[in-house]
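Survey of secondary and tertiary structure
Chain by chain, the residues run as shown.
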Amino acid sequence: MFGLGMPELLIILVIALLVFGVGKLPQIGSSLGGAIREFKKSVESPEKEVPPAPIKEIACSQCRRPLQNDWSVCPHCGTKREA
Ligand SMILES: [Zn+2]
């Protein structure tokens, strides 16, 4: 494809080494890898950015046991729930 073979790729690599310098190549590679990782994370799990809705804890005024939102009477002691 595009007439590029292994020799041409090697020449491009050598030119890249000459342009950026041998010491900078790992730096470029790691920053590129980090950018790809960040991109993949944002694509795979966009819903994780949204924090979960806080659960409201309601306790019985008499026995202090946790009550569910739709309970109007405490099942443990029979006390009516206060608004
Ligand atoms: Zn109770």
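Preceding this section is the structure that the text describes.
Right, let's walk through the structure included here. The model shown is predicted, which means the values in this text are computed figures rather than measured ones.

1. Section: the coordination of the zinc ion
Protein ligation of the zinc ion involves Cys 60 (SG), Cys 63 (SG), Cys 74 (SG) and Cys 77 (SG), the donor distances falling in the range 2.3 Å. Around the zinc ion, the four donor atoms are arranged such that angles at the metal cover 106 to 117°; this shape is classified as tetrahedral. In primary sequence terms, the donor set of the zinc ion follows C-x2-C-x10-C-x2-C. Of this pair, Cys 60 sits in the loop between β1 (58–59) and β2 (66–67) while Cys 77 sits in the segment after β2, and the two are 17 residues apart along the sequence. The class of Cys 60 is buried, set by a relative accessible area of 2%. The class of Cys 77 is partly exposed, set by a relative accessible area of 37%.

Calculation notes
- Residue positions within a chain follow its written sequence, with the count starting from 1.
- With pLDDT at 70 or above as the cut-off, local features in this predicted model cover only qualifying residues; side-chain atom pairs require 80 or more to be listed or tallied, and sums for whole chains, interfaces and linings still use all residues.
- Side-chain calculation: all heavy atoms of the structure are included, whereas hydrogens and water are not.
- Because water is not among the atoms used, a metal site may look incomplete, as its donors are only the N, O and S atoms within 2.8 Å, or 3.2 Å for Na, K and Ca.
- Angle rules define the geometry names used: all angles between 85 and 135 degrees makes four donors tetrahedral, while opposite donors over 155 degrees apart and all other angles between 65 and 115 make four donors square planar and six octahedral, leaving every other case irregular.
- Numbering of helices and strands starts at the N terminus; helices are DSSP runs of H or I of at least 4 residues and strands are runs of E of at least 2.
- For every residue, the accessible area (1.4 Å probe, protein chains only) is compared with the maximum for its type, and the residue is labelled buried under 20%, exposed over 50%, or partly exposed between those bounds.

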